[in-house]
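One letter stands for each residue in the lines below.
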Amino acid sequence: GDQELKGLIVPSSGDIARSQVIESHGIQVTGPARTLVDVGQVVSPAVLEQMVHRAVHLGIVRLQDVVDEYRALSRPGRRGAGPIGELLRSIAPGMAAAESVLEVLILRIIRDAGLPEPVRQFELAVDGRRVRLDFAYPDQLVFLEGDGFGAHGTRSAFERDRARQNLLVVAGWRPLRFTWRQARFEPHAVSATVAAALGL
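The structure presented is a predicted model; accordingly, all values stated were derived computationally and were not measured.

A. Layout of the side chain of Q165. The topology assignment puts Q165 in helix α6 (residues 155-170). Looking at Q165, the relative accessible area reads 16%, which means it is buried.

Below, the structure is given as structure tokens:
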């Protein structure tokens, strides 16, 4: 069984297949899929969701690999893999991964409020230009974006973002932008704003 050492969970060697082990800086560690499954037992659901989305977005692991790892550990006769199962069931296979922690938080607020789930990474053409929206409700022409510090990186990126938003507004889209502070400390205000924009 697993051993607990000063708050750490150390899976027994009999529970880890050789194919799950990689070497990093001379140290043998579990691969990313197995690590995400294991860490789900010791972090909050919100942190776990952020970690999974970030790992998939960065190309560290495929979502299907995490699903396969969870299923292997949860088969009859095994101890199971704990909380990550609920998260994986809530994520549609093949769904684009969130690009930031703020996006994950906004999506969780929408889900917790029981609002319709938006289309993720929605792409469209506006005035001959390809545009991708973090979250969109295409039928209502409403899009949501996280406004985090460092999201633009450079002045030119900031300018492009504003020009892009103006194009969308002229085309009839209504933007809703939420900051980290709003999402973290005023989730009910965020969900109420989304609901009002959707006419709910």
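B. The arrangement of the pattern of salt bridges in detail. Enumeration over the complete set of coordinates arrives at 11 salt bridges. We note a salt bridge from R34 to D38, for which the minimum N-O separation is 2.9 Å. Taken as a pair, R34 and D38 lie in helix α1 (residues 32-39) at a separation of four residues, close to a single helical turn. There is no split in this pair, since R34 and D38 are both buried. For E145, the salt bridge goes to R177, with nearest N and O atoms at 3.7 Å. Placement of the pair is E145 in strand β7 (residues 142-146) and R177 in strand β8 (residues 174-178), with a sequence separation of 32 residues. We classify R177 as partly exposed; its relative accessible area is 21%. One connected set of salt bridges, linked through shared partners, spans E145, D161, R162, R164 and R177.

C. Broad picture of the packing of helix α2 (residues 45-57) against helix α5 (residues 101-112). Between α2 and α5, whose axes approach to 9 Å, the crossing angle comes to 130°. Relative to α5, α2 is oriented oblique. Where α2 crosses over α5, the two elements pack in a sense that is right-handed. Here P45, A46, E49, Q50 and H53 of α2 come into contact with α5, specifically with V101, V104, R108 and R111. For the contact of α2 with α5, the per-class residue count stands at four nonpolar, two polar and three charged.

D. Just unusual backbone geometry, in detail. Unlike most non-glycine residues, D127 shows phi in positive territory, near 55°. The topology assignment puts D127 in the loop between β5 (119-126) and β6 (129-137). When its relative accessible area of 70% is taken as the criterion, D127 is described as exposed. Here the phi dihedral of L141 falls at roughly 55°; this positive angle occurs in a residue that is not glycine.

E. Fine view of helix α3 (residues 63-73). Buried within α3 we find L63, V66, V67, E69, Y70 and L73. Down the axis, α3 shows its buried residues gathered within 165° of arc, on one side only. Buried-residue contacts for α3 involve α1, α2 and α4 (84-90).

F. Just the nonpolar core, in detail. Counting residues in each nonpolar core, the largest one holds 19 residues, and the members touching the most others are I106, Y137, V142, L144, L176, F178 and V194. Mapped onto this core, the elements with two or more residues apiece are α5, β6, β7, β8 and α8 (187-197). Looking at this core, the element that brings in the most residues is α5, giving six residues. If we skip the residues at most four places from it in the chain, V142 touches F135, A136, Y137, W173, R174, L176, A197 and L198.

G. Expanded view of the packing of aromatic side chains. What the rule picks out here adds up to two aromatic pairs. Both rings, one in F122 and one in W173, keep their centres 6.0 Å apart while their planes meet at 45°; by these two values the pair is tilted. Remark: W173 occurs in the loop between α6 and β8 and F122 occurs in strand β5; sequence separation between them is 51 residues. Residue W173 is classed as buried on the basis of its relative accessible area of 6%. An aromatic cluster of at least three residues, connected via ring pairs, comprises F122, F143 and W173.

Definitions and limits used
- Residues numbered from 1 in each chain as written.
- Predicted model: local features only at pLDDT ≥ 70, side-chain atom pairs only at ≥ 80, totals over all residues.
- Heavy atoms only, no water.
- Helix = DSSP H or I, 4+ residues; strand = E, 2+ residues; numbered from the N terminus.
- Buried < 20%, exposed > 50% of the residue type's maximum accessible area, 1.4 Å probe, protein only.
- Salt bridge = Lys/Arg side-chain N within 4 Å of Asp/Glu carboxyl O.
- Axes fitted to C-alpha atoms, helices over the stretch in contact; angles between N-to-C directions.
- Parallel < 35°, antiparallel > 145°, perpendicular 65-115°, else oblique.
- Left-handed = near helix turned anticlockwise from the far one by under 90°.
- Contact = heavy atoms within 4.5 Å.
- Nonpolar A, V, L, I, M, F, W, Y, C, P; charged D, E, K, R; others polar.
- Arc of directions from axis to C-beta.
- Core = buried A, V, L, I, M, F, W, Y, C linked by side-chain atoms within 4.5 Å.
- Phe/Tyr/Trp six-rings, centres within 6.5 Å; stacked < 30°, edge-to-face > 60°.

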